[in-house]
Every structure is written in C-alpha cells, then in structure tokens.
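Spelled out from the first residue to the last, the chains are:
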Amino acid sequence: MNVRIKFRKSGIARFVGHLDVMRYFQKCFRRAEIPIAYSKGFSPHPILSIANPLSVGFYSDAEYMDVELSEEMDLNLLVKRLNESGTEDFQVLRAVKLKDSSENAMSIVTASDYEIVATESFQSGELFPLGFLKFLERDSILATKKTKKSEAEVDLKPLIKEYRETENGIFLKLLTGSRENLKPDFLLSVYLTEQGISYRNFDFRITRKEIYGFSEGNIKSLLSCDEAEI
Amino acid sequence: MPKKMMRKLFLSDEILYSVEKPERYVGGEYNSVNKDFDSVPVHVCFCFPDLYEIGMANLGMQIIYEQFNRRPDSLCDRVYSPWFDLDKILWEQKIPLFSVESQRPVRDFDFLLITLQYEMCYTNVLRILELSQIPLFSADRKEDDPIVIGGGSSSYNPEPMADFFDVFYIGESETQYDLMVTTYRKCKEKGLSRSEILEALSEIPGLYVPSLYEVTYNEDGTIKERIKLSWKAPEKIERQVANLKDPLIPYPKKPIVPYLRSMMDRATLEVMRGCVRGCRFCQAGMIYRPKRERPLSYLSETAIEMLRNSGFDEINLSSLSTSDFSSLKELLDVLLPYCEAHHVNIGIPSLRIDSFSLECMSKIQDIKKTSLTFAPEAGTERLRRVINKGLTEETILTGAEEAFKGGWNKVKLYFMLGLPQETEEDVQGIADLSDTIAALYYKTVPKENRQGRVNVTISTSYFIPKPFTPFQWAPMALPETFLNRAYLLKDTIKSKLNQKSLSYHYHDEAQSVLEGLFARGDRKVGKMILKAYQKGCIFDAWSEYISFDKWEEARKETGISYDFYLYREREKDEKLPWDFIDAGINKEFLWNEWEKAKSATETLNCSESCASCGAMKYEGGICHERAN
C-alpha cells in the first residue's frame, strides 16, 4: 500500500537537514510500529522518500513523503501513532492512500507556495515588502545562476507563477522540482544585492505553505495527486 | 499553536543561522527530557567536553541523565563543547555557555558534572568553564557558582586536574549521586556555605574534594605527604561499585535520539562490567573489578524496550569482553528473532575468536564486509605472558582457520609497542605471526573459493602505563624507541613471503606521550595544562587540531619533565599520586603482578583461580560466584 504523508516543520525542525529528516522518520516509523516495507538486497532500508528537500532554516506547513507499507492500515491511526512517537516539531498532518499506478512524489513536483516575512533584524523597511513587490512586477528578472559546470544568465520571471502582498509579508508561488527550480531566498537575494544590501538569512522568516504536483494534466496539491478512490 | 511548541532558544537566529550544524545547540531531540527549570529544586548540567556528535554516544552520560531526571526533585541537562565557530561568537559577544534542554546558562545550575573519558579532553574542560563564566580554579569560585564535579575513567587519577574541580566522583555513578542530591538539599535548607557543603559532600564515600588535601613533595619531585585540611575528609577515597543485579538501578531505557548523525547511531546495552582476564596493561580490567553480569531477563526486556522507545536500527551488546558473558547464547536466542523481524542489526564488539563467536557473528553480520579482530597485543608467547594476555599462538591460529573456513577474508590485528621487557625479537614476532596467519588463509581456502587476497591489517599503538595496573611502575618507552620499533616492524613485514597481504599502520607517538603524562601525573602537571590552554590548545583529542608546539612550550615554561613522569621506573615505596584512592585492588597484588611480569609468569584469570586482588570485598560478581 503506497501512502503519501503531509507533515509540518516548526520549532527546531527547521535546522534539521534533508537526510537527517529521513533518518528521523525512519526511526519514527519503527517506534510507531507501522508496517513499512523494506527494500530488498544487501542492506535493506525502509521504503520512504521525501518529495522535495527544504532548505535548512525554512519553516513549513506542508512537507510530503511517500512510503510503502507492507500491510494495509487505517490512515487516521497511522497519523495518530506517528505523532505519538514523534516530536511536536515534526507534526504529521494527514496521510492518503495512493493509486497503485501513482508516480513517486519527487517526480511530479512542479511548484511551491512560500510566505516571506521580515524579522526584527531587517533594517531596510522600505525595500520589503513594497520594494520587493515592485521588483516582482517587472517583465523580466535577469540573474546569474551558477551551475556546477558554468555560469549562465537566466530570466527568473517565468519561474514566478504568482506573487502578492499578505498581511505580514509576501506570498510567492515558484516553480519547484528537477525540471525548473527557484528558491525564494535566491530570488530575494538577487533583489537585495541589486539594492546594495547583502541578503542575511536571519532577516527573513520563510515558510513553505504548499507543494504542488502535476497529475493527470492538472496542477494540484501533492496530497490530492494520485489519491486513491475509497 | 500549543505553548510547548514555542520552546525559546538561548541563541538568536542571527547566530544559529551562521554556525555549522545548529542542531548541536538547540536540543528538542526525541526522548530528551525537558522539565520546567523553576519547578525543581536541584539542577544538574552534564558536560561531555567534546563536540556534540562525539558525546551523544556516551553511555555513562545516558545513565546519569536518567538517574537525575527520574527523581522528582532534580533535572539533568546536557552541554557539549561548542565548535570553533560558535566558540568565537560566544567569547567575543560575552555570551555564557548554555545547556541544550533548558537553554539556560550553565552557571545557573547547582552542579556541573564533567565526564573525563580520555586525558586529551582536559583543555576542552577548561574552555567549557571559561565559556560558562565559571572561575577556572576551584579556590576562586563563589557561593553561586555551580559545584564542578569530575567523573569517568580518567578521574581515577584526578590529580593533574585537582585545581579545577570542586569534587571528583570516583567509580560507578549509580551508587552515590542520589545521596549527593539529598545531602545537598539538606545543606541548602540549613543555609550552609559553599565550603561547608563541599565538606559535607566529602563525607560521602566515593566523593573526593581535592581542596581538603594538601600535597607536599620531596626534593626529587616525588610525593612526600598528603595532608588532610579537614578532619571530616576521609583518608582514602573508596571506589564505588554498583550492584548490577539491582533491578532499580538507572539505565537509559528511553535513549535520546539525536537528529545529527553521531558516532554511534545505535542503542547500547551494557551486559556486564569488569573483566576476568587480568591483562597487566589494562586499566579498565582492574578498575571495574569484579566482573559482574546483569541478569538475563533484565537484559532481554531492556534491549527490546530500548529499541521500541528509540527506533534505532542497531543495538550494541557492550562490555569489556563480551565472550565472557555467560548468558550470551541465551540473550541472542531472544534478540535474534526480534531483530530479524524488525530489521535491527546486532553489534557485539570485543568478541574472542572461537567457534561459538564465529557462529554468532555469521548470524548477525555481513561476512564480506566486516573484518575479524584479534588483539594479541604482543608478538611472541613470552611477551604475551609478560603482559598476561592469555592468548596462545595455537588459539589465534585455530580461530583464524575457523574464520577463514567460515568465509571471512579480512583480519585486523592489534598490538602495542613499547611494552615492558620488549625486545627486537618480540617486534619481529609481530610480523611472523601476521605472516603465518596470512599463509594459513591460502592453506585453508582453496583457490576457487577465494575472493582475492586475504587482508591482514596490523595496527600498533604506543603503550602507556596506567594507574592501578601492575605496570603503573613501568617506564614508558621513549618516543625514539617506539618509532625505531615501528620502522623495524615495517621492514620485517616487507621481507615476509605474504607481505602483499599485510598492511601496517602505527599511531602517532606525540599524542601518546601527553596522554602518558596526564595518566600518571600529579598536581604539578595541572600548571602545564593551564599554560597550554592559555596558549590556545583545544580539541587536543583531534589530530587535526592538537598543537604539539604549544604543548611543548607549555611544558618548558612550567618545568615539567618527561623523564620524571614517564621514562623512569618507579620504586616500590614511592608514594604514587593516586594511592589515596582505594580502588579495591591491593597495591601488594599489583606489585606482585609487576614482579611476575618481569619473569614472564602468567596469572590465571578469575574464573580459573582467584589471585586475591582484593575485589572480593565488594561482595558480588565473579569472586563470589566462583566460590559456589
């Protein structure tokens, strides 16, 4: 049985890197005595994969992982047990059963929602949110993107799907995944550098609010992609 | 959002986002205990004076953490050495060092317990004190400063660090820490001063308060006298020995699960303490006597409880010599099915190589990946009798043969160089033995079954004489001698028939010299440690960071002589810095063993025959089981 699980990252969980998050959940599943399937071969490991790594330091209200269970199980019970055997900083929110034909979350991720809020330490109030908002309105946003092999100038604007001001800061919907990927801190740093200010990660609180996948011709939240019919 | 989720961190985001691996400093790990600081009267801060990832594995810390946290009137937090990046920030911004759980300054605690697992952490200890804004010298501490207590294996000779600690706890923590808390509370209720409290603590067996004793020296530098400065202080400090059969003694059944990958990402099940072998170089084998086993039922239940509570995928059955654990087979009969069903690996370090062990190992390990370890320690039968390592060449070869038949093709051999009575023949014997083992592989395993060559890895460390062993009087070999013998061994190996199957590593000698100094040093050595610290020495246990130049400068400036502390043979009537500790092992017994070593005479192990070392007085363990 394939299951997609949605969880939050709050408190000190924001400091836990991607690989450590996986190791944390592998142990959490064991503690919760959830029948997770193991890979075959020499050193079997639990079949668990995280949809999209989150940068260290970001909060999240919507992270996703796919797991394969070796037995059927009530998913409300699964969520309850994971929370009882886990820390509050990694609260598990929901679990849905996936269709047998479903693709792994990693391969269908297309976009993410973020909220950016300036913290007390940020000194240049006029630049954020208003200055940044104007920046986002431009027809094209050129930036130098470094890859392992080279440097290239790219236009970031097509990677920005939505943007607007919120009560506390800025909301962004950016393309995410293996095909095209734009991180909110990179975007912000391009703007601030242009303004002659260096980007400091503690000046902003960045929270991922949702991740979207491409499924059956539509873009939907990962929780809704490939959900099995009951 | 529930209030609990907003746990307040001591450091600002600005700092946390700028250092490497902030997980080291924020806590919140599964099974960490977060009591409300103000709701308990006694606060203990436990320090492992090295990086978080190194300290997390420590079993002693986990036992003490459980011991203090399970009491309703106390809590126990952890603190580790901050890495260079945070250290710099804390120092420059005058931010006090803080604990991981409560995120409060260490100086707010009643007790700061620092474990001394190895001598090379001493400068880290001083750094922890200074970053915590606690005076380095015990004599300078004020009423509100925490009481600084040292424990762990290096505290069996606490004297080099005597000026910096208020108390040392000598022995196993399970026996007296509860009484210590109760005594402390009574003292506080009476409004006693710090010095009165320390005096009261000194009356608890096992607790040593260095400031209550003065040491005078002879002209030649040896100890003249130890003078008690308080009539309450005991003459001798009694090593504490726990009763492992007591079902109520503390044990970490809910081990903390770190987020960071630490050195040992596994559950540790201590099956027994002590060792019967009586190897003359081994301090642990002496200071943990008598050999005591935990009950089988306790172990099987605890193992499964630990795994259920933590989710670790590996469990280690730990002791000094697990082959001597009498219920090993029965314990594995319970654990193996559980572990197989739950995909948990079992690790059993320190196993003798015999047919039973090989059978165990093939069930729990992937043969192709692991190597078998033998520790002959010396290259000839004669020298092995000198050090009382009762391991004959026949036993080694029989074990190796069985292992090769069972499919192993990687062997590690541990030896020491610089042992007492060692000659060049003994060194060449190492090469001979290793070559014989390699040859045995080719003789035992037919060509079609081989996976290439056998890998025989030889490792030699520099022998360091330790307190409370028969070799505490022995001269340590000079570094030049150690190196010359290492080169000799290297050359001899190259000349062997199977030299392509042999590889050799030897340990760096300079660090061993410092270790040797601290192991058998007296209070005067403390001045050298302080000087080295002031020159910037830190993280000395890390070969990348130890600065031998600075240590050598410190040594010269404080007039500490290696000849005096290390390279001379000591006399029988010399007062040794650690004689004031009653470790339960008679000095007569140790001296007798030293004499026997000189004539290469063996002493049988405790299961075979009692040598009257003195450990029988602890009323438990092998001494009394044998009698039945």
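Everything numeric in this text was worked out from a predicted model, so none of it was measured.

In this section: the interface of chain A and chain B. On the chain B side, the residues contacting the 29 residues of chain A number 32 residues. Taken together, the two surfaces of chain A and chain B that pack against each other cover about 2,700 Å², and 58% of this comes from carbon and sulfur. Broken down residue by residue, the surface that chain A buries against chain B is led by A:Ile12, A:Phe15 and A:Arg31, which jointly contribute 23%. Counting every contact that joins chain A to chain B gives four salt bridges. If one sorts the elements of the side of chain A that touches chain B by residue count, helix H1 (residues 18-31) of chain A sits on top with six residues.

A word on the packing of aromatic side chains. The full count for this structure, using the stated rule, is 47 aromatic pairs over all chains. On the numbers, 5.6 Å between centres and 40 degrees between planes, the contact of B:Tyr122 with B:Phe518 is tilted. Taken together, the residues B:Tyr122 in helix H6 (residues 122-131) and B:Phe518 in helix H17 (residues 509-519) connect sequence positions 396 residues apart. In this pair, the class of B:Tyr122 matches that of B:Phe518, namely buried. By the ring-pair criterion, three or more aromatic residues cluster together here, those being A:Phe122, A:Phe128, A:Phe132, A:Phe135, A:Tyr191, A:Tyr199 and A:Phe204. Over the ring of A:Tyr59 we find A:Arg205; its NZ or CZ atom is 3.8 Å from the centre of that ring.

With that settled, the discussion passes to the sheet that holds strand S13 (residues 314-318) of chain B. Residues and elements named next belong to chain B. The three strands are arranged S10-S13-S14 in an open sheet whose pairing can be described as parallel. Every other strand in the sheet has two partners, leaving strand S10 (267-270) and strand S14 (345-347) as the edge strands with one partner each. Pairwise comparison of adjacent strand axes, ignoring direction, gives a mean angle of 25 degrees for this sheet. Relative to S14, S13 runs parallel, the two sharing three bridges. Residue pairing in the sheet places Ile-315 in a bridge with Ile-346 of S14. Contacts from helix H11 (residues 328-341) reach S10, S13 and S14, with the element oriented near 175 degrees to S13.

Attention shifts here to the sheet that holds strand S2 (residues 74-80) of chain B. All names here are of chain B. Strand order in the open sheet formed by six strands is S2-S1-S3-S4-S5-S6, with mixed pairing between adjacent strands. Two strands bound the open sheet, and with one partner strand each, they are S2 and strand S6 (207-208). Inspection of the sheet shows strand S1 (residues 42-48) paired to S2 by seven bridges, in the parallel sense. Residue pairing in the sheet places His-43 in a bridge with Leu-75 of S2. Of the strands in this sheet, S1, S2 and strand S3 (111-115) are in contact with helix H4 (residues 59-69), which crosses S2 at around 150 degrees.

Residues and elements named next belong to chain B. Structurally, Arg-289 can be placed in the loop between helix H9 (283-287) and strand S12 (292-293). With no salt bridge to any partner, buried Arg-289 finds its closest opposite charge in Glu-593, at an N-O distance of 7.0 Å. A polar atom in the side chain of Arg-289 sits 3.4 Å from the backbone oxygen of Gly-285. Ignoring anything within four residues of it in the chain, the contact list for Arg-289 reads Arg-239, Val-241, Cys-275, Gly-278, Ile-585, Phe-589, Cys-606, Cys-613, Ala-615 and Tyr-618.

All names here are of chain B. Secondary-structure assignment places Ser-319 in the loop between S13 and H11. Within the local environment of Ser-319, its side chain forms a polar contact with the backbone nitrogen of Ser-321, the two atoms lying 3.2 Å apart. Engagement of the side chain of Ser-319 in a polar contact is seen with the side chain of Thr-322, the distance being 2.9 Å. When neighbours within four sequence positions are excluded, Ser-319 is seen to be in contact with Val-271, Met-272 and Ser-350.

To continue, consider the environment of B:Leu131. With respect to the helices, strands and loops of the structure, B:Leu131 is situated in helix H6. Placed 36 residues apart in sequence, B:Leu131 and B:Ile95 show a C-alpha to C-alpha distance of 7.9 Å.

All names here are of chain B. Confidence along chain B averages 93 in pLDDT terms, with 98% of residues attaining 70 or more. Note that pLDDT drops below 50 for residues 1-5; the model gives that stretch seven contacts with residues more than four away or on any other chain. Scoring of the predicted complex yields 0.94 for pTM and 0.93 for ipTM.

Residue and element names in this part refer to chain B. Burial of H4 is extensive: nine of the 11 residues sit out of reach of the surface. Of the positions making up H4, those classed as buried are Leu-59, Met-61, Gln-62, Ile-63, Ile-64, Tyr-65, Gln-67, Phe-68 and Asn-69. Capping the start of H4, Asn-58 holds a side-chain oxygen 2.9 Å from the backbone nitrogen of Met-61, two or three residues further along.

Our focus in this paragraph is helix H10 (residues 296-310) of chain B. The first and last C-alpha atoms of H10(B) sit 21 Å apart over 15 residues, in line with the 21 Å expected at 1.5 Å per residue. Buried within H10(B) are the following residues: B:Tyr298, B:Leu299, B:Ser300, B:Thr302, B:Ala303, B:Ile304, B:Met306, B:Leu307 and B:Ser310. Those residues of H10(B) hidden inside the fold are in contact with H1 of chain A together with S10, S13 and H11 of chain B. Positive backbone phi, approximately 80 degrees, marks B:Gly311, located one or two places after H10(B).

The next subject is the pattern of salt bridges. Enumeration over the complete set of coordinates arrives at 64 salt bridges over all chains. The salt bridge partner of A:Arg23 is B:Asp265, with a shortest N-O separation of 3.0 Å. Residue A:Arg23 is found in helix H1, and its partner B:Asp265 is found in the loop between strand S9 (237-238) and S10; the two belong to separate chains. Of the two residues, A:Arg23 and B:Asp265, neither departs from the other in class, the shared state being buried.

The rules we used
Residues numbered from 1 in each chain as written. Chains lettered and ligands numbered in written order. Predicted model: local features only at pLDDT ≥ 70, side-chain atom pairs only at ≥ 80, totals over all residues. Heavy atoms only, no water. Contact = heavy atoms within 4.5 Å. Buried area = accessible area lost by both parts, 1.4 Å probe. Salt bridge = Lys/Arg side-chain N within 4 Å of Asp/Glu carboxyl O. Helix = DSSP H or I, 4+ residues; strand = E, 2+ residues; numbered from the N terminus. Phe/Tyr/Trp six-rings, centres within 6.5 Å; stacked < 30°, edge-to-face > 60°. Buried < 20%, exposed > 50% of the residue type's maximum accessible area, 1.4 Å probe, protein only. Lys NZ or Arg CZ within 6 Å of the ring centre and 35° of its normal. Pairing = 2+ DSSP bridges. Axes fitted to C-alpha atoms, helices over the stretch in contact; angles between N-to-C directions. Lys, Arg positive; Asp, Glu negative; His and termini not counted. Polar contact = N/O pair within 3.5 Å; in protein donor to acceptor, adjacent residues only side chain to side chain. pLDDT = per-residue confidence, 0-100. Expected span 1.5 Å × (residues − 1).

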